[in-house]
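If you want the building blocks of each chain, they are given just below.
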Amino acid sequence: MKKLTAPDEVLYHVGFSAASLNGAKWALLPGDPGRVERLANACGPAEYIACHREYTSWLTNIDGEWVLVCSTGMGGPSVAICLEELACMGIKGVIRVGTTGGIQEKINLGDIIINKSAVRLDGTSLHYAPKSFPAVGSFTITKALVQAAVELRIPHHVGISVSSDTFWPGQERYDSFNGYVRKEFQGTLKEWQALGALNYEMETSALFVAAQCIGIKAGSVCGVIARRTESEQVAPIGIYELAEERFQKVVYRALQILLKTGV
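Residue numbers here run from 1 along each chain, matching the order of that chain's written sequence. Local features in a predicted model are, by the rule used here, given only for residues with pLDDT of at least 70; side-chain atom pairs are given and counted only at 80 or more, and totals for whole chains, interfaces and linings are based on all residues. Heavy atoms from the whole structure form the basis of all side-chain values; hydrogens and water molecules are not counted.

## Examining the overall build of the protein
Inference 1: We count a stretch as a helix when DSSP gives it H or I for four or more residues in a row; a strand needs E for two or more, and each element gets its number in order from the N terminus. A tally of helices and strands in the protein yields six helices and 10 strands.
Inference 2: Radius of gyration here uses only the C-alpha atoms, and the compact-globule reference equals 2.2 Å multiplied by the residue count raised to the power 0.38. Whereas a compact globule of 263 residues would reach a radius of gyration of roughly 18 Å, the protein reaches 17 Å, a difference of no more than 12%.
Inference 3: C-alpha extents for the protein along the principal axes are approximately 50 × 40 × 30 Å.
Inference 4: Only protein chains enter the accessibility calculation, which uses a 1.4 Å probe; a residue whose area is less than 20% of its type maximum is buried, one above 50% is exposed, and one in between is partly exposed. Residue burial in the protein is summarised as follows: out of 263 residues, 55% are buried.
Inference 5: Put simply, 75% of the contacts in the protein that link residues at least 6 apart link residues at least 24 apart.
Inference 6: Charge assignment in this entry is limited to Lys and Arg as positive and Asp and Glu as negative, and neither His nor the chain termini are counted. Each charge is placed at NZ for Lys, CZ for Arg, CG for Asp and CD for Glu. Here the protein contributes 25 positively and 26 negatively charged side chains, and the mean placements of these two sets differ by 6 Å. Working rule for contacts: check all heavy atoms of both residues, and any pair within 4.5 Å makes them a contact.

Written out as structure tokens, the structure is:
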């Protein structure tokens, strides 16, 4: 049985109530709390809602429709908590808006990656579905994101993400404090490249599986700020800003498309 909260009930983790949403049914989910205000203002007239734990929340108005912009912090557990509470407040569709490291030669810094599915290197999704269950995004949302990127002529790629619970060993990075990577993960970068995966990040698999289990639609779009074919380092100054500008434009246009067709 689906559980919906009372309109004025403030939920424990996100720190606001359904009444704060002004009827919003869609949410944009950046990871970084510092990115929320910029994203909300890039999409339309924006209003601050709350800030509690890793969840900073604003409303933005796109073509007369309210849309929530709520940060999730890093990793699958906080994403799943956010999804559960947003679903209880009536949110029907979400789009992850993040940053990522590209792992294919064809992917350049500042490009946009639209993930249609994800490799489940996370632990959170296992609490929702067995390992054999696929992490797949909403076709409707993915299609809208692709249409938006094409219309805007923004360089983009559509494919599979590798979602890791860790930034260093799970993504086979050796520039950590002690450079240690478990044997299980050694050589996996080349394996994912050979299989055609596009990128590493830390939330999409948990998002897709939890959303499917909960019963809401989910999509994922990320800006490339690391090119793992060249370096383990995050991109120089200027690339982050370019990636952010591009994914702001893509999600804004995608939501215009989705809001016309309904959730």
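## Focus on helix α2 (residues 76-88)
Inference 1: Between the first and last C-alpha of α2 there are 19 Å, a value that for 13 residues agrees with the 18 Å anticipated at 1.5 Å per step.
Inference 2: Of all the 13 residues making up α2, 10 are buried; the element is thus mostly covered by neighbouring parts of the structure.
Inference 3: Along α2, the positions that sit buried rather than exposed are G76, S78, V79, A80, C82, L83, E85, L86, A87 and C88.
Inference 4: Where α2 is buried, its residues meet β1 (26-30), β3 (55-62), β4 (65-70), β5 (93-102) and α5 (204-214). What a helix is expected to span follows from its residue count: subtract one and scale by 1.5 Å.

## Brief notes about empty space enclosed by the protein
Rolled over the atoms, a probe with the dimensions of a water molecule shows which regions are left empty.
Inference 1: Here a cavity denotes a set of grid points, spaced 1 Å apart and computed over the protein atoms alone, in which a 1.4 Å probe fits but from which it cannot get out, and a pocket denotes an open set meeting protein on both sides within 12 Å along at least five of seven lines; residues with an atom within 4 Å of a point are reported as lining. Grid points are joined across faces, edges and corners, and a volume is the space filled by probe spheres set on the points. The tally for this structure, following the rule as stated, stands at one cavity of 30 Å³ or more.
Inference 2: In this model, the largest cavity occupies a volume close to 30 Å³.
Inference 3: Around the largest cavity, the lining residues are L29, T72, V79, R96 and L207.

## Here's the deal with the environment of P130
Inference 1: Structurally, P130 is set in the loop between β6 (112-121) and β7 (135-136).
Inference 2: Sequence-wise, P130 and E151 are 21 residues apart; in three dimensions their C-alpha atoms are separated by 38 Å.

## Some details on the packing of aromatic side chains
Inference 1: Between the rings of Phe, Tyr and Trp (Trp by its six-membered ring), a pair exists once the centres lie within 6.5 Å; its type follows the angle of the planes, with under 30 degrees stacked, over 60 edge-to-face, and the other angles tilted. The tally for this structure, following the rule as stated, stands at two aromatic pairs.
Inference 2: Note on Y48 and W58: the rings are 5.8 Å apart at their centroids and 75° apart in plane angle, and the pair reads as edge-to-face. With Y48 in strand β2 (residues 46-52) and W58 in strand β3, this residue pair connects regions lying 10 residues apart in the sequence.
Inference 3: On the basis of relative accessibility, which here comes to 13%, the residue W58 falls in the buried class.
Inference 4: Between the NZ or CZ atom of R173 and the centre of the ring of F167, over which it lies, the distance is 4.0 Å. Placement of a positive charge over a ring is assigned whenever Lys NZ or Arg CZ falls within 6 Å of the ring centre and within 35 degrees of the normal to the ring plane.

## Re the side chain of S57
Inference 1: Within the element layout of this structure, S57 appears in strand β3.
Inference 2: Residues within four places of S57 in sequence aside, it is in contact with F16, V36, Y48, I49, A50, L68, V69 and C70.

## What to know about the pairing of β6
Inference 1: Counting buried positions over the 10 residues of β6 gives eight, a clear majority of the element.
Inference 2: Where β6 meets strand β8 (residues 156-164), nine bridges bridge the pair, whose relative direction is parallel. Looking across to β8, one finds that V119 is bridged to V162.
Inference 3: Here β6 pairs with strand β10 (residues 217-227) via four bridges, running antiparallel. The partner of I114 across the bridge, within β10, is V221.
Inference 4: Relative to β7, β6 runs antiparallel, the two sharing two bridges. Counterpart to A118 in the pairing with β7 is A135. By this definition, two strands are paired if DSSP reports at least two bridges between them.

## Side note on the nonpolar core
Inference 1: Definition of nonpolar core: a set of buried residues of the types Ala, Val, Leu, Ile, Met, Phe, Trp, Tyr and Cys, connected through side-chain atoms within 4.5 Å. Ranked by internal contacts, the top residues of the largest apolar core, which has 34 residues, are F16, L29, L68, L83, L86 and V94.
Inference 2: When sequence neighbours within four positions are dropped, the list of residues in contact with L86 reads F16, A27, L29, L68 and I91.
Inference 3: Ranked by size, the runner-up nonpolar core spans 28 residues in total, among them L39, I62, V67 and A149.

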